[in-house]
Amino acid sequence: GAGVSQSPRYKVAKRGQDVALRCDPISGHVSLFWYQQALGQGPEFLTYFQNEAQLDKSGLPSDRFFAERPEGSVSTLKIQRTQQEDSAVYLCASGTGPGNTIYFGEGSWLTVV
Amino acid sequence: GESVGLHLPTLSVQEGDNSIINCAYSNSASDYFIWYKQESGKGPQFIIDIRSNMDKRQGQRVTVLLNKTVKHLSLQIAATQPGDSAVYFCAENTSSTGRRALTFGSGTRLQVQP
């Protein structure tokens, strides 16, 4: 079956530009996570949704980062006024429920120039 | 050892040998552990998981060992193949906190020599 799908796969943004990254989770998956991965590092948690409810946003680095999942399926991570330090791979993962295995997408590679 | 930026610890093995990748964790309350494989340009791929009520779990060619006394996790890969070359991450969660996020380690690069 289809896995977690993310778009765009690659995005180059000028500093100060807003970006939106999309995640299509595996159909029927309740849990959805966003992670940020800098080059050579492990993924770091950003935020978690259970259905449409954003239950944990403790990992969002600043108020420029915003995530939503309005209908409990597709999610969008928005970064406003991008900075160079935002350059990273943004990974989306989904799972069938709390405590169950989560499966990652291929990531959206963001480069801020 | 710890990785800093691009300098991931690297394990180099010969094709056909067994590989052991290690991970230390710091939170004694952690009760769920997962190993992920990440190939260049791809997202992390689930390999195997283990809960804290177990000390060993086996999959296809992989075994995870958990030593809660010293807070150590290892991934053993039998008969390592070139396709196993990747960066391997351990991740953990503490369910008692109610927090669903996984905390990832810094990763180990496995290089398989033909």
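Definitions and limits used
Residues numbered from 1 in each chain as written. Chains lettered and ligands numbered in written order. Predicted model: local features only at pLDDT ≥ 70, side-chain atom pairs only at ≥ 80, totals over all residues. Heavy atoms only, no water. Phe/Tyr/Trp six-rings, centres within 6.5 Å; stacked < 30°, edge-to-face > 60°. Helix = DSSP H or I, 4+ residues; strand = E, 2+ residues; numbered from the N terminus. Lys NZ or Arg CZ within 6 Å of the ring centre and 35° of its normal. Contact = heavy atoms within 4.5 Å. Buried area = accessible area lost by both parts, 1.4 Å probe. Salt bridge = Lys/Arg side-chain N within 4 Å of Asp/Glu carboxyl O. Polar contact = N/O pair within 3.5 Å; in protein donor to acceptor, adjacent residues only side chain to side chain. Nonpolar A, V, L, I, M, F, W, Y, C, P; charged D, E, K, R; others polar. Disulfide = S-S within 2.5 Å. Buried < 20%, exposed > 50% of the residue type's maximum accessible area, 1.4 Å probe, protein only. Pairing = 2+ DSSP bridges. Axes fitted to C-alpha atoms, helices over the stretch in contact; angles between N-to-C directions. pLDDT = per-residue confidence, 0-100.

## Observations concerning the packing of aromatic side chains
Per the stated rule, a full pass over the model turns up 14 aromatic pairs over all chains. Ring centres of A:Tyr10 and A:Trp109 lie 6.3 Å apart, and the angle between their planes is 35°; on these two criteria the pair is classed as tilted. Here the residue A:Tyr10 occupies a position in strand S2 (residues 10-13), and A:Trp109 occupies one in strand S11 (residues 108-112), the gap between them amounting to 99 residues. Put simply, the rings of A:Phe33, A:Tyr35, A:Phe45, A:Tyr48, A:Tyr103, A:Phe104, B:Tyr36, B:Phe46, B:Phe89 and B:Phe104 touch in pairs and so form one group of aromatic residues. The ring of B:Tyr32 carries B:Arg51 above its face, with NZ or CZ at 4.2 Å from the centroid.

## With respect to the interface of chain B and chain A
On the chain A side, the residues contacting the 23 residues of chain B number 24 residues. Taken together, the two surfaces of chain B and chain A that pack against each other cover about 1700 Å², and 55% of this comes from carbon and sulfur. Taken together, the links from chain B to chain A amount to one salt bridge. A salt bridge links A:Asp56 to B:Arg99; its shortest N-O distance comes to 3.2 Å. Counting across the chain B and chain A interface gives seven residue pairs in polar contact (both at pLDDT 80 or more). Listing elements by their share of the side of chain B that touches chain A, those giving two or more residues are strand S3 (32-38) and strand S4 (45-51) of chain B. Of the residues belonging to the side of chain B that touches chain A, the class tally is 11 nonpolar, seven polar and five charged.

## Observations concerning the state of the cysteines
What the rule picks out here adds up to two disulfides over all chains. Each sulfur of the disulfide joining A:Cys23 and A:Cys92 lies 1.9 Å from the other. What sets the handedness of the A:Cys23 and A:Cys92 disulfide is the S-S torsion sign, and at about -70° it is left-handed. With A:Cys23 in strand S3 (residues 19-24) and A:Cys92 in strand S9 (residues 88-95), the pair connects residues that are 69 residues apart, well separated along the chain. One exposure class covers both A:Cys23 and A:Cys92, and it is buried. Covalently, B:Cys23 is tied to B:Cys90 through a disulfide, its sulfur atoms 1.7 Å apart. Here B:Cys23 and B:Cys90 share a disulfide; its torsion about the S-S bond, 45°, makes the bridge right-handed.

## A look at the environment of B:Gly43
Structurally, B:Gly43 is set in the loop between S3 and S4. In contact with B:Gly43, other than residues within four places in its own chain, are A:Leu91, A:Gly105, A:Glu106, B:Lys37 and B:Gln38.

## Some points on the pattern of salt bridges
Charged atoms that come close allow side chains of opposite charge to pair. All names here are of chain B. Scanning all chains against the criterion turns up six salt bridges over all chains. For arginine 57, the salt bridge identified is with aspartate 49, shortest N-O distance 2.3 Å. The buried category is assigned to aspartate 49, whose relative accessible area is 11%.

## A closer look at the sheet that holds strand S2 (residues 19-24) of chain B
Pairing between the strands of a sheet is mediated by backbone hydrogen bonds and can be parallel or antiparallel. All names here are of chain B. What the four strands build is an open sheet, ordered S2-S7-S6-S5; its pairing is antiparallel. The sheet terminates laterally at S2 and strand S5 (56-58), the two strands that pair on one side only. On average, each strand axis in the sheet is tilted by 15° relative to the strand beside it, whichever way the strands run. The sheet contact formed by S2 and strand S7 (residues 72-77) spans six bridges and is antiparallel. Bridge pairing in S7 links isoleucine 20 to glutamine 76.

## A word on the confidence of the model for chain B
Averaged over all residues, the pLDDT of chain B is 90; the fraction at 70 or higher stands at 94%. Below pLDDT 50 for its whole length, residues 1-5 of chain B participates in 10 contacts with residues either more than four positions away or in separate chains.

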